[in-house]
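Fold and geometry: a report
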Amino acid sequence: MTPITVSDVKAADTLDQSLTDCVEEAIKTALDIGYRHVDCAYLYLTEHIMGKVFREKFLDGTLKREDLFYTSKLWNTFHQPHLVRPALERSLHSLQLDYVDLYLIHHPTSLKPGEDLWPVDESGAVAFDSADLCQTWEALERCKGAGLVKSIGVCNFNRRLLETILNKPGLKYKPVCNQVECHPYLSQSGLLEFCKSKDIVLTAFGVVGSPRAGGWVDQSVPSLLQNPVLISIGEKYQKSAAQVSIRYTLQRGAVPIVKSYSPERMKQNLPVFDFHLSPEDMKAIDGLNQNLRYWKFVPWEGHPHYHFHKTD
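Quick caveat, the model's predicted, so the values are computed rather than measured. (Residues numbered from 1 in each chain as written. Predicted model: local features only at pLDDT ≥ 70, side-chain atom pairs only at ≥ 80, totals over all residues. Heavy atoms only, no water.)

**A closer look at the confidence of the model for the protein chain**
Put simply, the protein chain has an average pLDDT of 90, and 88% of its residues get 70 or more. Counted against residues more than four places away or in other chains, residues 1-13, with its pLDDT under 50, gives 28 contacts. (pLDDT = per-residue confidence, 0-100. Contact = heavy atoms within 4.5 Å.)

**A short note on the packing of aromatic side chains**
Under the counting rule described, the total for this entry stands at six aromatic pairs. With a centroid separation of 5.3 Å and 75 degrees between ring planes, the pair formed by Tyr 42 and Phe 78 is classed as edge-to-face. Here Tyr 42 is found in the loop between strand E1 (37-39) and helix H3 (47-59), whereas its partner Phe 78 is found in the loop between strand E2 (69-74) and helix H4 (81-95), with 36 residues between them in sequence. A single burial state applies to Tyr 42 and to Phe 78, both of which are buried. The interplanar angle of 90 degrees and the centroid separation of 5.8 Å between the aromatic rings of Phe 205 and Trp 295 together place this pair among those described as edge-to-face. Taken together, the residues span a long stretch of sequence, with Phe 205 in strand E6 (residues 201-205) and Trp 295 in the segment after helix H11 (279-286) at a distance of 90 residues. Classification of Phe 205 by relative accessible area gives buried; the value is 14%. Here Trp 295 falls in the buried class, since its relative accessible area comes to 18%. Three or more aromatic residues joined by ring pairs make a cluster, and in this case those are Phe 54, Phe 58 and Tyr 70. For the cation-ring pair, Lys 144 lies above Tyr 173, with the distance from its terminal atom to the ring centre recorded as 4.8 Å. Taking the ring centre of Tyr 99 as reference, the NZ or CZ of Lys 150 above it sits at 4.6 Å. (Phe/Tyr/Trp six-rings, centres within 6.5 Å; stacked < 30°, edge-to-face > 60°. Helix = DSSP H or I, 4+ residues; strand = E, 2+ residues; numbered from the N terminus. Buried < 20%, exposed > 50% of the residue type's maximum accessible area, 1.4 Å probe, protein only. Lys NZ or Arg CZ within 6 Å of the ring centre and 35° of its normal.)

**Re the pairing of strand E3 (residues 100-105)**
Among the six residues of E3, six are classified as buried, and the element is accordingly described as predominantly covered. Strand direction decides the pairing type here: E2 and E3, joined by four bridges, are parallel. The residue of E3 that forms the bridge with Leu 74 is Ile 105. Chirality of the crossover, the property in question, places the unit of E2, H4 and E3 among those that are right-handed. Assessed by its sense of winding, the connection that carries the chain from E3 through helix H5 (residues 133-145) to strand E4 (residues 149-155) is right-handed. (Pairing = 2+ DSSP bridges. Right-handed = clockwise from strand over helix to strand, strands pointing away.)

Rendered as structure tokens:
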């Protein structure tokens, strides 16, 4: 894999007009065809676009606030407790919402506080911070208590990090979910079972692969949607490989999230409740697991929590 540097990912600091228009059209299309869970984050720099579309849908009567389930995420530069609520309030302002349904710690790797999403030190290396995640969590609990968010959770936490939160003295609210990369090439079986045992929902990203994620993704990992096992099982049910992977995730008891700008693919990803994979199908897909990750967080390999994604 070609090494990823901070300069490779800093391009996410801005959105050009063409991408802004693309995101706006995509979210409108998704809502129009029936999607109601919108998973976003401060990092994506698109929440002001989401807010514009939501407001339009609320005003024309095609959507009510209670119809929408919106997830946002606390970025790594806002882990210090006094920065958590202002970060959430900034997102709420952009979204033109009074609350979000779910607010997640985006990553356990804390970065130097400031406006720069990708802070670096004088040598150009990633500028880490030593925030205490338990204190970050307490700040999220206060946001929930204030009614700014309905539920709180985490992303990219392994079992050890989850236990750090769960065993925190004075815990008021445990994480309701843990959003991690999970797909047939990376089954996360141990982590999934642990989450189930603690009544934590595992939300899976990368369910159909991550071909458009740019420098974050290891391009050497084979295409999930071209896997012959998924294609063969799909042919049996007249479904696509993507639909099979989504259905597999659902039957394992996880919640899949998928991303697409294509209206046709958005429509194709929805009809996954009209068929059921057999035990033999599930076993065959289980056999695809190789602990292969599309997402590589190489710029953060010097952080104490870098190995959050290495083990269950």
